[in-house]
Amino acid sequence: MTDEFTLSVNYKGQEHHFKARLILQGYSHKFLVLINETEVFFEPDEEGSYRAVTMHHQDEKQLAKIDTALLGIIQQKIESILA
C-alpha cells in the first residue's frame, strides 16, 4: 500500500517541494522522497527517529551528491508530521 503526497521544506532560504510516498510493509513502513530524480528512503530507527537509508538497488554515488543538511531537514519534517 502506498500513499503519495508533497513534502514541502525550507532549504537555504527557499521553499522546496518533493514528491513523497508512504510505503507500508506488514508492521513496518518507510517514506520514499524523490530528490532531484533520486529516490531516498527514510525509515524509523531504534529510537523512533527517521534516517535516510540506502537500498540495494540504488546508486550510492547519486545519493552521496545530496546535501546531508537537506536530508536532515527532510528527516525533521517527516518527524514533525508524525508528532
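Before any of the text, the structure's been laid out above.
A brief report on the enclosed structure follows. These numbers were taken from a predicted model, which means no experiment stands behind them.

1. Some details on the pattern of salt bridges
Step number 1: Overall, the coordinates contain one salt bridge when judged by the stated rule.
Step number 2: Note that Arg51 is salt-bridged to Glu43, the shortest N-O span being 3.3 Å.

2. Details of unusual backbone geometry
Step number 1: Even without a glycine there, the phi angle at Asn36 is positive, about 50 degrees.
Step number 2: Examined against the element boundaries, Asn36 turns out to sit in the loop between strand S3 (28-35) and strand S4 (38-44).
Step number 3: By relative accessible area, Asn36 is classed as exposed at 65%.
Step number 4: If you check the backbone angles, Glu37 has positive phi at about 70 degrees while not being a glycine.
Step number 5: With respect to the secondary-structure elements, Glu37 resides in the loop between S3 and S4.

3. A look at the nonpolar core
Step number 1: In terms of nonpolar packing, the biggest core is built from 18 residues, with Val33, Ile35, Phe42, Leu70, Ile74 and Ile78 touching the most fellow members.
Step number 2: Looking at this core, the elements that each hand over two or more residues are strand S1 (2-11), strand S2 (14-25), S3, S4 and helix H2 (68-82).
Step number 3: Sort the elements by how many residues they give to this core and H2 lands first, with four residues.
Step number 4: Discounting chain neighbours no more than four positions away, the residues touching Phe42 are Lys30, Phe31, Val33, Tyr50, Arg51, Ala52, Leu71, Ile74, Gln75 and Ile78.

4. Digging into the packing of aromatic side chains
Step number 1: Under the definition given, this model contains two aromatic pairs.
Step number 2: On the basis of an interplanar angle of 85 degrees and a centroid distance of 6.2 Å, the ring pair of Phe5 and Phe31 is categorised as edge-to-face. In this pair, Phe5 sits in strand S1 while Phe31 sits in strand S3, placing the two residues 26 residues apart along the sequence.
Step number 3: Judged by its relative accessible area of 29%, Phe5 is partly exposed.
Step number 4: Geometrically, the ring pair formed by Phe31 and Tyr50 is edge-to-face, given 5.7 Å between the ring centres and 70 degrees between the ring planes. Residue Phe31 is located in strand S3, and its partner Tyr50 is located in strand S5 (residues 50-53); the two are separated by 19 residues in the primary sequence.
Step number 5: Since its relative accessible area comes to 7%, Phe31 is described here as buried.
Step number 6: The exposure class assigned to Tyr50 is buried, which follows from its relative accessible area of 7%.
Step number 7: Members of the aromatic cluster, joined through ring pairs, are Phe5, Phe31 and Tyr50.

Procedures and definitions
- Residues numbered from 1 in each chain as written.
- Predicted model: local features only at pLDDT ≥ 70, side-chain atom pairs only at ≥ 80, totals over all residues.
- Heavy atoms only, no water.
- Salt bridge = Lys/Arg side-chain N within 4 Å of Asp/Glu carboxyl O.
- Helix = DSSP H or I, 4+ residues; strand = E, 2+ residues; numbered from the N terminus.
- Buried < 20%, exposed > 50% of the residue type's maximum accessible area, 1.4 Å probe, protein only.
- Core = buried A, V, L, I, M, F, W, Y, C linked by side-chain atoms within 4.5 Å.
- Contact = heavy atoms within 4.5 Å.
- Phe/Tyr/Trp six-rings, centres within 6.5 Å; stacked < 30°, edge-to-face > 60°.

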